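A structural walkthrough
Residues per chain are reported as follows:
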Amino acid sequence: MKMKMTSAFMATVLAFAAPVLAETATEGWNNAGGEQDEALNLVPDHENGIETYEVCSACHQLNGWGLPDGTFPQLAGQHVNVIIKQLADIRAQNRDNPTMYPFAKPSEIGGAQSIMDVATYISKLPMNPENGIGPGDNLELGEKLYKDNCVRCHGENGEGSNEKFYPRIHGQHYNYLVRQFEWIRDGKRRNANPDMVKQIAEFSDEEMRAVLDYVSRLKPHPEMIGEPGWVNPDFDW
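Heads up: these notes are all about the structure in this document. Note that the structure is a prediction, hence the values are computed from the model and not measured. (Residues numbered from 1 in each chain as written. Predicted model: local features only at pLDDT ≥ 70, side-chain atom pairs only at ≥ 80, totals over all residues. Heavy atoms only, no water.)

Another aspect to go through is empty space enclosed by the protein. Applying the stated criterion across every chain yields a total of 2 cavities of 30 Å³ or more. The volume enclosed by the second largest cavity comes to roughly 50 Å³. Lining the second largest cavity are Gln 74, Ala 76, Gly 77, Gln 78, Met 127, Arg 168, His 170, Gly 171 and Gln 172. Classifying every residue of the lining of the second largest cavity by side-chain character gives 2 nonpolar, 6 polar and 1 charged. (1 Å grid on protein atoms, 1.4 Å probe; cavity = no way out; pocket = protein on both sides within 12 Å on 5 of 7 lines; lining within 4 Å. Points joined across faces, edges and corners; volume = space filled by probe spheres on them. Nonpolar A, V, L, I, M, F, W, Y, C, P; charged D, E, K, R; others polar.)

Okay, the pattern of salt bridges next. Evaluation of the coordinates by the stated rule reveals 8 salt bridges. With its nearest N and O atoms 2.8 Å apart, the salt bridge here joins Asp 148 to Lys 144. One end of the pair is Asp 148 and the other is Lys 144, both in helix 7 (residues 139-149) and 4 residues apart, which spans about a single turn. Taking the relative accessible area as the measure of exposure, Lys 144 reaches 52% and is therefore exposed. The salt bridge involving Asp 186 is made with Arg 185; its shortest N-O contact spans 3.5 Å. The exposure class assigned to Asp 186 is partly exposed, which follows from its relative accessible area of 47%. In this structure Arg 185 comes out as buried when scored by relative accessible area, which is 19%. (Salt bridge = Lys/Arg side-chain N within 4 Å of Asp/Glu carboxyl O. Helix = DSSP H or I, 4+ residues; strand = E, 2+ residues; numbered from the N terminus. Buried < 20%, exposed > 50% of the residue type's maximum accessible area, 1.4 Å probe, protein only.)

Judged by nonpolar contacts, the single largest core of 26 residues is most densely connected at Tyr 53, Ile 84 and Leu 87. For this core, the secondary-structure elements that each account for two or more residues are helix 2 (46-60), helix 3 (80-91) and helix 6 (112-123). By residue number, the principal contributor to this core is helix 6, which donates 7 residues. Those residues within four positions of Tyr 53 in sequence are excluded, and the remaining contacts are His 60, Gln 61, Leu 62, Asn 63, Gly 64, Val 118, Tyr 121, Ile 122 and Phe 235. (Core = buried A, V, L, I, M, F, W, Y, C linked by side-chain atoms within 4.5 Å. Contact = heavy atoms within 4.5 Å.)

As a further point, take helix 6. For helix 6, spanning 12 residues, the distance from its first C-alpha to its last is 17 Å, which sits close to the expected 16 Å at 1.5 Å a residue. Counted residue by residue, helix 6 has 11 buried out of 12 residues, so it is predominantly covered. Considered for burial, the residues of helix 6 that qualify are Ala 112, Ser 114, Ile 115, Met 116, Asp 117, Val 118, Ala 119, Thr 120, Tyr 121, Ile 122 and Ser 123. Packing partners of the buried residues in helix 6 comprise helix 1 (34-40), helix 2, helix 3 and helix 5 (106-109). (Expected span 1.5 Å × (residues − 1).)

Turning to the packing of helix 2 against helix 6, a few remarks are in order. In contact at an axis separation of 8 Å, helix 2 and helix 6 are set at 85° when each is read in the N-to-C sense. With respect to each other, helix 2 and helix 6 are oriented roughly perpendicular. Here His 46, Asn 48, Gly 49, Ile 50, Thr 52, Tyr 53 and Cys 56 of helix 2 come into contact with helix 6, specifically with Ser 114, Asp 117, Val 118, Tyr 121 and Ile 122. Looking at the contact of helix 2 with helix 6 residue by residue, the class counts come to 6 nonpolar, 5 polar and 1 charged. (Axes fitted to C-alpha atoms, helices over the stretch in contact; angles between N-to-C directions. Parallel < 35°, antiparallel > 145°, perpendicular 65-115°, else oblique.)

So this is what it looks like as structure tokens:
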């Protein structure tokens, strides 16, 4: 199935990314309910996933790679549960994203079925082989901070956990990671894991940049990475 791009006003849609660093899951942090639970129990429809993703692609690109400058994050390869949670939270206004919210509503992209469909579709897209990375000037500190603070949830290589709703952070754009870290630390991400907020509360800007520089250089498994310049065959470019 091939879809053609719709109107340009869709270009402000779907800026996902779950919390960047976390240590433990706080009881009550992800009680879910509502559309999240409904979507998680549905069988994905691939064709509807393609059609729904057309809305997202105006920002995140047809290949799901976002922009290296971090304006929009890479979504490709992200865990299904993470995408479902973030989209459901935005729709329920548990995560503030006033630019995206009007276009993420059911009237624009459909109900819980479409959440499952697009999340599954995105999760299967090959990841960007050339994501935006940091300056590389403090990687030794970044590695130490990552191993001391992040491994327990995000894994040795930033792979996260679908079951526990922890995102993949390897391969993500450095500038996007920095922006989300700042928002979480400063209380602007209301759906962030409270334990993570405590974990990073004392991070200096230097430490933040160092650890996220290190994270931006973590690479997914080679089988998950697309070829440079990969073109998504589901769309007419």
